[in-house]
Amino acid sequence: MALWYCRVCGLDYDVSPWGPNDDTPDYGTCECCGAQFGVDDYSVLSSRGFRQQWLADDAAWFYANLKPADWDLEAQLAQIPEKYR
Ligand SMILES: [Zn+2]
């Protein structure tokens, strides 16, 4: 079961990179959009800005080898937490 969705791209994660209380980011990198947790997704504005850049760059996967063959960009974008859209 997915517990957390990237604030920038909506990719689902089993464990939140922001920690159990949503306040201790691990500064890891989203494998899809390449955002650094705690930095690029720190605020609504920074998340939106990074997303715009990422989409303008053809929504390329940061780790291209992890991209699912049946990846659906629109479905994933719909998973972005409402506050960060
Ligand atoms: Zn992401």
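If you look the protein chain up in an unreviewed UniProt entry, it shows as Rubredoxin-like domain-containing protein from Hymenobacter cellulosivorans.

To continue, consider the coordination of the zinc ion. Note on metal geometry: ideal angles are 109.5 degrees for four donors arranged tetrahedrally and 90 or 180 degrees for six donors arranged octahedrally. Donor atoms from the polypeptide that coordinate the zinc ion comprise Cys6 (SG), Cys9 (SG), Cys30 (SG) and Cys33 (SG), at 2.3 to 2.4 Å from the metal. Seen from the zinc ion, its four donor atoms lie at angles of 106 to 114°, and the figure they make is tetrahedral. Taken in chain order, the donor set of the zinc ion reads C-x2-C-x20-C-x2-C. One end of the pair, Cys6, is in the loop between strand S1 (4-5) and strand S2 (12-13); the other, Cys30, is in the loop between S2 and helix H1 (44-56), and 24 residues separate them in sequence. Judged by its relative accessible area of 0%, Cys30 falls in the buried class.

Below, the discussion takes up the packing of aromatic side chains. Summed over all chains, the structure comprises six aromatic pairs. The interplanar angle of 90° and the centroid separation of 5.4 Å between the aromatic rings of Trp4 and Phe37 together place this pair among those described as edge-to-face. You can see Trp4 sitting in strand S1 and its partner Phe37 sitting in the loop between S2 and H1, a full 33 residues away along the chain. As far as the burial class goes, Trp4 and Phe37 line up, both buried.

Okay, H1 next. Taking 1.5 Å of rise per residue, the 13 residues of H1 would be expected to cover 18 Å, and the 18 Å separating its terminal C-alpha atoms lies within 8% of that figure. Inspection of H1 places Ser47, Phe50, Arg51 and Trp54 among the buried residues, and these make up the whole buried set. Seen end-on, H1 carries its buried residues on one side only, within an arc spanning 105°. Relative to its buried face, H1 has exposed residues pointing more than 90 degrees away, namely Leu45, Gln52, Gln53 and Ala56. Lining the buried residues of H1 we find helix H2 (73-77). After H1 finishes, the residue Asp58 shows a positive phi value of roughly 65°.

The next point concerns the nonpolar core. Formed by 20 residues in total, the largest nonpolar core has its most connected members in Cys6, Cys9, Leu11, Cys30, Cys32, Cys33 and Trp54. Those residues in contact with Cys32 that lie beyond four places of it in its chain are Cys9, Leu11, Trp54, Ala60, Trp61, Phe62, Trp71 and Gln76.

About the criteria used
Residues numbered from 1 in each chain as written. Predicted model: local features only at pLDDT ≥ 70, side-chain atom pairs only at ≥ 80, totals over all residues. Heavy atoms only, no water. Donors = N, O, S within 2.8 Å, 3.2 Å for Na, K, Ca; no water. Tetrahedral: all angles 85-135°; square planar, octahedral: opposite > 155°, others 65-115°. Helix = DSSP H or I, 4+ residues; strand = E, 2+ residues; numbered from the N terminus. Buried < 20%, exposed > 50% of the residue type's maximum accessible area, 1.4 Å probe, protein only. Phe/Tyr/Trp six-rings, centres within 6.5 Å; stacked < 30°, edge-to-face > 60°. Expected span 1.5 Å × (residues − 1). Arc of directions from axis to C-beta. Contact = heavy atoms within 4.5 Å. Core = buried A, V, L, I, M, F, W, Y, C linked by side-chain atoms within 4.5 Å.

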